[in-house]
Amino acid sequence: MSLYWQVNLLAISVPFLVSFHPRLKLYKHWPSLFLSIFLTLIPFVIWDVWFTESGYWGFNPDYLSGQYLFSLPLEEWFFFIAIPYACIFTHFALITLWPNISLSDRTVRIMTPFLLTAMGMAGFYFHSKWYTLLDMIFGFVVLVFSFYVVPRLLKQFYLTFLVMLIPFFLVNGILTGTGIESEVVWYDNAQNLGIRLGTIPIEDVVYAFSLILLNLLLFEMFRKEKIGA
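Residues numbered from 1 in each chain as written. Predicted model: local features only at pLDDT ≥ 70, side-chain atom pairs only at ≥ 80, totals over all residues. Heavy atoms only, no water.

(A) Looking closely at the overall build of the chain. Counting its regular elements, the chain contains seven helices and six strands. Across the chain, helices and strands are ordered from the amino to the carboxyl terminus as α-α-β-β-β-α-α-α-α-β-β-β-α. For 229 residues, the compact-globule formula gives about 17 Å, and the C-alpha radius of gyration of the chain, at 17 Å, lands near that figure. In terms of principal-axis extent, the alpha carbons of the chain reach across some 45 × 40 × 30 Å. Considering the chain as a whole, with its 229 residues, one finds that 49% of them fall into the buried category. Intrachain contacts of the chain at a sequence separation of at least 6 include 78% that bridge at least 24 residues. (Helix = DSSP H or I, 4+ residues; strand = E, 2+ residues; numbered from the N terminus. Rg over C-alpha atoms; globule rule 2.2 N^0.38 Å. Buried < 20%, exposed > 50% of the residue type's maximum accessible area, 1.4 Å probe, protein only. Contact = heavy atoms within 4.5 Å.)

(B) Looking closely at helix α2 (residues 30–54). Taking 1.5 Å as the rise per residue, α2 with 25 residues should run 36 Å; its terminal C-alpha atoms sit 35 Å apart, in good agreement. Taking the largest bend as the criterion, α2 deviates by roughly 30 degrees, centred on I42, and proline P43 comes between one and four positions later. A positive backbone phi angle near 80 degrees is found at G55, which sits one or two residues after α2. (Expected span 1.5 Å × (residues − 1). Bend = angle between axes of the 7 residues up to and from the residue.)

(C) Geometry of unusual backbone geometry. Within the chain, F70 stands out as a residue other than glycine whose phi angle is a positive 50 degrees. Position of F70 relative to the elements: it lies in the loop between β2 (68–69) and β3 (72–73). Assessed through its relative accessible area of 59%, F70 is described here as exposed. Even without a glycine there, the phi angle at S71 is positive, about 75 degrees. With respect to the helices and strands, S71 occurs in the loop between β2 and β3.

(D) How the structure looks around the environment of L3. By the element assignment, L3 lies in helix α1 (residues 3–18). A residue is classified by how much of its surface remains accessible, and L3, at 22% relative accessible area, is partly exposed. Measuring from C-alpha to C-alpha, the distance between L3 and S54 comes to 24 Å, with 51 residues separating the pair along the chain. Setting aside anything within four residues of it in sequence, one finds L3 in contact with Y63, I174, I180 and V184.

See below:
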């Protein structure tokens, strides 16, 4: 089994099994969860295929199974299932076990414009770097949409995302070369800022922010609709 498959399976295995815990019962929300994952997967895979075919990033065949679909290794496709599932589980578990985890409305109203301004300025000043530009645009759009559609989500997400950054640095660290001979995923540094957190491009933090937030946004919308029905 390839290293990339091992990383994916390790990331999803515990969250999947604990989804059946009687205090969580996340499995009861699987229809909403997997629909959210599928819909989020579409724009991210299109982005992924474009960047891979353009040479903005790519994959080391030494760590892959050798099976591809639309220029992407199957491991990369499963990444967009395993990581969102693990992150939705983490968020769901935290707010279920500690329902009082929440920022004030005022804090969210301060933090959100600050983050939007930072993303907007980064995208504007570094518009010649495709990863930085698209990363900031996507993050900006997802955050604006979340702020106006499900603002209460941000009161919890800003806190739970800090927890999710721990496994993110572990998983993404391995994929970008931490602790292994070479990287699983390589980047053309001409298309990003060239700033690394360990081995992880700093843009990956915003990428993770957008990927997780969009999944959670859709998950909350579908769950609410189902409950309302």
